[in-house]
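Chain by chain, the residues:
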Amino acid sequence: MPLVSAVYQQVRGRPALAALLDALPMRVRLADGRARVLPFRLWRMAHIWGSLAALRAESEAAFEAYTGGDVIDVGAYEGWYSLLLAPKSHAGDTLLSIEPDPTAFPELQATLAAAARAFPGPTFHPLHVPAGNGQPVVVTHPPGGHPRFAEAPDGAGTPTATVDQLVGTFGLAPTFVKVDVEGAERFVLEGMQRTLATHRPVVLLELHQHWQPDRTSAADVEELLLRNRYGPRVLEQTDVNVRQLWTPDA
């Protein structure tokens, strides 16, 4: 519906009008094939991810790989993966969405609140912290428009929480983890080694070959999964990144 999308772009800078449009009921068909009446906010996300072939293929692969259970979305942005996987989640499952960006976090909160009303069984939990290996990181913004991450010298940076810590804090047994962190993949995977070994979740990884910290290569990142007896399936590869679905050996 191009007209509705165009209207949204016009009113998104006006909070009161944007809230009215976000709540507008729309007919949405999610990955399970069932048609639902959901608010426009959720329709817009489903429309975006369904209109681009690469995003649609990624979503279909993730939905097929998920069989229910706890989900950890590292780099959740507006929260698409919680909405995507919600139809296959069960009562009592937790869908934990991690997003440190202060501009994106309110959008994530709004998405998860709408998803919780549509799917009352699981718990949708937004978390405003950076994920990593527990050590502070610093972020720089080199030419090209994308951040670059490095370990902070002398601990003078932004503290990070590890996935392993969050699993313990929230009492999770994750079956699916998504990692999309713009070059910080190594830090996140270093902080989830216990989770990989114990819970064996499927891992959807967006790996940025050219945005890695100094002295880190894409192969170094992949080794953190290979050593845990995971194997990759490439979903899409571009000059900028590669999207991989990693599954544990039987």
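Reading the values: the criteria
- Residues numbered from 1 in each chain as written.
- Predicted model: local features only at pLDDT ≥ 70, side-chain atom pairs only at ≥ 80, totals over all residues.
- Heavy atoms only, no water.
- Helix = DSSP H or I, 4+ residues; strand = E, 2+ residues; numbered from the N terminus.
- Buried < 20%, exposed > 50% of the residue type's maximum accessible area, 1.4 Å probe, protein only.
- Contact = heavy atoms within 4.5 Å.
- Areas by Shrake-Rupley, 256 points an atom, 1.4 Å probe, with all protein chains shown as cover.
- Phe/Tyr/Trp six-rings, centres within 6.5 Å; stacked < 30°, edge-to-face > 60°.
- Lys NZ or Arg CZ within 6 Å of the ring centre and 35° of its normal.
- Pairing = 2+ DSSP bridges.
- Axes fitted to C-alpha atoms, helices over the stretch in contact; angles between N-to-C directions.
- 1 Å grid on protein atoms, 1.4 Å probe; cavity = no way out; pocket = protein on both sides within 12 Å on 5 of 7 lines; lining within 4 Å.
- Points joined across faces, edges and corners; volume = space filled by probe spheres on them.
- Nonpolar A, V, L, I, M, F, W, Y, C, P; charged D, E, K, R; others polar.

Caption draft 1: Structural context of the overall build of the protein. Broken down by element type, the protein carries 10 helices and 11 strands. Taking all 250 residues of the protein together, the buried fraction comes to 48%. The contacts of the protein with a sequence gap of at least 6 include a subset with a gap of at least 24, amounting to 63%. Carbon and sulfur atoms form 55% of the exposed surface of the protein, whose accessible area is close to 11900 Å².

Caption draft 2: Quick look at the packing of aromatic side chains. Applying the stated criterion to the full structure yields 5 aromatic pairs. Relative to Tyr81, the ring of Trp49 lies with its centre 5.8 Å away and its plane at 85°, an arrangement referred to as edge-to-face. Of this pair, Trp49 sits in helix α3 (residues 40-51) while Tyr81 sits in helix α5 (residues 80-85), and the two are 32 residues apart along the sequence. Taking relative accessible area as the criterion, Tyr81 reaches 3% and is therefore assigned buried. Ring pairing ties together the aromatic residues Trp49, Tyr66, Trp80, Tyr81 and Phe176, which thus form one cluster. The side chain of Lys88 reaches across the aromatic face of Phe63, ending 4.7 Å from its centre.

Caption draft 3: Spotlight on the sheet that holds strand β10 (residues 230-237). If you trace the 7 strands from one edge of the open sheet to the other, you get β5-β4-β3-β8-β9-β11-β10, paired in mixed fashion. In this open sheet, the two edge strands, each paired with only one partner strand, are β5 (123-127) and β10. The average undirected angle you get between the axes of adjacent strands in this sheet is 15°. With 4 bridges joining them, strand β3 (residues 70-74) and strand β4 (residues 94-98) adopt parallel strand pairing. Each residue of the ladder has a partner; that of Asp73, found in β4, is Ser97.

Caption draft 4: Examining the layout of surface pockets more closely. Roughly 980 Å³ of volume is contained in the largest pocket. In terms of lining residues, the largest pocket is bounded by 44 residues, among which Gly75, Tyr77, Glu99, Asp180 and Glu182 are the most central. Those elements giving two or more residues to the lining of the largest pocket turn out to be α3, α4 (53-65), α5, β6 (137-140), β8 (174-179), α8 (185-190) and β9 (202-207). Per element, the largest residue contribution to the lining of the largest pocket is 4 residues, and it comes from α3. In terms of residue class, the lining of the largest pocket is made up of 26 nonpolar, 8 polar and 10 charged. Reported here for the second largest pocket is a volume of approximately 150 Å³. Lining the second largest pocket are 10 residues, and of these Ala150, Glu151, Pro213, Asp214 and Arg215 lie nearest its centre. Counting residues per element, the lining of the second largest pocket draws most heavily on strand β7 (residues 148-151), which supplies 4 residues.

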